[in-house]
Amino acid sequence: MSLLRGEGIDVELPPGWEGAIGRSTELPDGAQRNVVAHFASFPLPPRRGDFGGGAVDLMDAGDALVVLFDYGQSAVGSALFASEGVPSVIASDFDRDILQKSIPGQSGVQRFFTVAGRAFCLYVVVGSHIDRAEVIPAVNQVLESLRIS
């Protein structure tokens, strides 16, 4: 396990996983930059979109990408972010039609939640919808290890 820290987010990544925590790069100049974190079971490309654009193209069948996007304190209290605490995922949560970028074989899940006064979107993509049950335990291990302040 390796510990990754940044922007008030701590996570323990399983062996073979890597991650990055930083600020959004997809906003117009001068706009507020949101915190975004990427955790993956495969090598992350140095340049990728907030919701994994550029990374999902590199995924194999046994891979998973976990994205946390912080919508900030202004979103806290809204109905969309009413769920409290970091969620976990199960196989039936995954849908081929939820993907930001549709790639044959892949599926994903999106959940919105609040923790520590911060509103987040959790976006998870798996490389193979058919084999998703094989990577879900590692995804949930990452989610269970999250500490957000």
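Residues numbered from 1 in each chain as written. Predicted model: local features only at pLDDT ≥ 70, side-chain atom pairs only at ≥ 80, totals over all residues. Heavy atoms only, no water.

**Comments concerning helix α1 (residues 132-145)**
Inference 1: The terminal C-alpha atoms of α1, which comprises 14 residues, lie 20 Å apart, in line with the 20 Å expected from a rise of 1.5 Å per residue.
Inference 2: Among the residues of α1, those classed as buried are Arg132, Val135, Ile136, Val139, Asn140, Val142, Leu143 and Ser145. (Helix = DSSP H or I, 4+ residues; strand = E, 2+ residues; numbered from the N terminus. Expected span 1.5 Å × (residues − 1). Buried < 20%, exposed > 50% of the residue type's maximum accessible area, 1.4 Å probe, protein only.)

**Brief notes about the environment of glutamate 84**
Inference 1: Inspection of the secondary structure assignment puts glutamate 84 in the loop between β5 (64-70) and β6 (107-115).
Inference 2: Between the C-alpha atoms of glutamate 84 and glycine 117, which are 33 residues apart in sequence, the distance is 9.7 Å.

**A closer look at the sheet that holds strand β4 (residues 35-40)**
Inference 1: Spatially, five strands are ordered β3-β4-β5-β7-β6 in an open sheet, and the strand pairing comes out antiparallel. The strands lining the two open edges of the sheet, one partner per strand, are β3 (18-23) and β6. The sheet shows a mean angle of 15 degrees between the axes of neighbouring strands, direction not considered.
Inference 2: Summarising the sheet, β3 and β4 pair through six bridges and their orientation is antiparallel. Note on β4: the bridge partner recorded for isoleucine 21 is alanine 37. (Pairing = 2+ DSSP bridges. Axes fitted to C-alpha atoms, helices over the stretch in contact; angles between N-to-C directions.)

**Comments concerning the environment of valine 56**
Inference 1: With respect to the element layout, valine 56 can be found in the loop between β4 and β5.
Inference 2: Classification of valine 56 by relative accessible area gives buried; the value is 5%.
Inference 3: In this structure, the C-alpha to C-alpha distance between valine 56 and proline 46, residues ten residues apart in sequence, is 13 Å.

**Some points on the pattern of salt bridges**
Inference 1: Taken as a whole and assessed by the stated rule, the structure comprises five salt bridges.
Inference 2: With a closest N to O distance of 3.1 Å, aspartate 10 and arginine 5 form a salt bridge.
Inference 3: Given a relative accessible area of 60%, arginine 5 falls into the exposed group.
Inference 4: Across the pair aspartate 57 and lysine 101 runs a salt bridge whose closest N-O atoms are separated by 2.4 Å. Placement of the pair is aspartate 57 in the loop between β4 and β5 and lysine 101 in the loop between β5 and β6, with a sequence separation of 44 residues.
Inference 5: For aspartate 57, a relative accessible area of 39% gives the class partly exposed.
Inference 6: With a relative accessible area of 41%, lysine 101 lands in the partly exposed category. (Salt bridge = Lys/Arg side-chain N within 4 Å of Asp/Glu carboxyl O.)

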